[in-house]
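# Fold and contact review
These are the residues of each chain, in order.
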Amino acid sequence: AQKVTQAQTEISVVEKEDVTLDCVYETRDTTYYLFWYKQPPSGELVFLIRRNSFDEQNEISGRYSWNFQKSTSSFNFTITASQVVDSAVYFCALSNNQGGKLIFGQGTELSVKP
Amino acid sequence: DSGVTQTPKHLITATGQRVTLRCSPRSGDLSVYWYQQSLDQGLQFLIQYYNGEERAKGNILERFSAQQFPDLHSELNLSSLELGDSALYFCASSVSQDLSPLHFGNGTRLTVT
């Protein structure tokens, strides 16, 4: 069975702090995809990144970076120098290559205070 | 703007009623997905359509049904509504049936009173 666990329910930081959101996944598939989405207070789901299981290279996009480690089944997300606008709920998700169904984690609510 | 359009944005109705949620996929996308986000269940996959045909089913109640029309828009029908059906319903689309959607609509917030 596929499962995504985001153990951190809520995180609160002060602006300019770095913060890492944890994501641990379970799957028996050898080919799969991992995603991160952001849900700001306005409610929409914003796509951040997709990573396939064969690409363990870390990725950096501006203040965002992702660390994919198959050995620990983790796909963690780090925001550097956090800003108030980063306040949102962040979801990690998993899918296999036999259909587009996404399995979401429970989400981590990040609050960045000025 | 994700290119996925959902209407209405908000819907308030009473228990026992029936509602229809509408989704227009991104231009060129043939596959449509419906997800439900509730406080107790989180984000859950409901159903997927590809080019008019049902492709995959998730935790969708028998009171719920969906379809995808020849112009590729999709409708999610919720009937005999219960208080617990109050949730945010998202639609997403992708080019192929095997490709996970990257982009979601803004959702329809359903409140059952």
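Small disclaimer: the values here were computed from a predicted structure and weren't measured.

## Notes on the environment of Leu 21 of chain A
Residue and element names in this part refer to chain A. Here Leu 21 lies in strand β3 (residues 19-21). Judged by its relative accessible area of 0%, Leu 21 is buried. Distance in space between the C-alpha atoms of Leu 21 and Asn 52 is 19 Å, their sequence separation being 31 residues. Apart from residues lying up to four places away in sequence, Leu 21 is in contact with Gln 8, Ile 11, Trp 36, Asn 76, Phe 77, Tyr 90 and Thr 108.

## Re the sheet that holds strand β8 (residues 74-78) of chain B
Backbone-to-backbone hydrogen bonds join strands into a sheet, with any given pair of strands oriented parallel or antiparallel. Residue and element names in this part refer to chain B. What the four strands build is an open sheet, ordered β1-β3-β8-β7; its pairing is antiparallel. Edge positions in the sheet fall to β1 (5-7) and β7 (64-68), since each of these pairs with one other strand and no more. Strand-to-strand, the axes of this sheet are offset by a mean angle of 15°, without reference to chain direction. Bridge analysis of β1 against strand β3 (residues 19-24) gives three bridges, and the strand direction is antiparallel. Bridging from a neighbouring strand, Thr 7 pairs with Arg 22 of β3.

## Re the pattern of salt bridges
Close approach of charged atoms allows side chains of opposite charge to pair. Within the structure shown, the criterion is met by six salt bridges over all chains. Close ionic contact of Asp 29 of chain B with Arg 26 of chain B constitutes a salt bridge, the shortest N to O distance being 3.5 Å. As a salt-bridge pair, Arg 63 of chain B and Asp 85 of chain B come within 2.8 Å of each other at their nearest N and O atoms. Here Arg 63 of chain B, found in the loop between β6 (53-57) and β7, pairs with Asp 85 of chain B, found in the loop between β8 and β9 (87-94); they are 22 residues apart in sequence, far enough to count as distant. The buried category is assigned to Asp 85 of chain B, whose relative accessible area is 3%. Residues joined by salt bridges that share partners form a network here, namely Arg 51, Asp 55 and Glu 59 of chain A.

## A closer look at the pairing of strand β4 (residues 31-38) of chain B
Residues and elements named next belong to chain B. Where burial is concerned, most of β4 is hidden: eight out of the eight residues are buried. Neither face of β4 is left uncovered, since the one carrying Ser 31, Tyr 33, Tyr 35 and Gln 37 and the one carrying Val 32, Trp 34, Gln 36 and Ser 38 both have all their residues buried. Here β4 runs beside strand β5 (residues 42-50); their pairing, made up of eight bridges, is antiparallel. Across the sheet, residue Gln 36 finds its bridge partner in β5, namely Gln 44. Sheet topology note: the β4/β9 ladder contains seven bridges and is antiparallel. By the bridge assignment, Tyr 33 is partnered in β9 with Ala 92.

Calculation criteria
Residues numbered from 1 in each chain as written. Chains lettered and ligands numbered in written order. Predicted model: local features only at pLDDT ≥ 70, side-chain atom pairs only at ≥ 80, totals over all residues. Heavy atoms only, no water. Helix = DSSP H or I, 4+ residues; strand = E, 2+ residues; numbered from the N terminus. Buried < 20%, exposed > 50% of the residue type's maximum accessible area, 1.4 Å probe, protein only. Contact = heavy atoms within 4.5 Å. Pairing = 2+ DSSP bridges. Axes fitted to C-alpha atoms, helices over the stretch in contact; angles between N-to-C directions. Salt bridge = Lys/Arg side-chain N within 4 Å of Asp/Glu carboxyl O.

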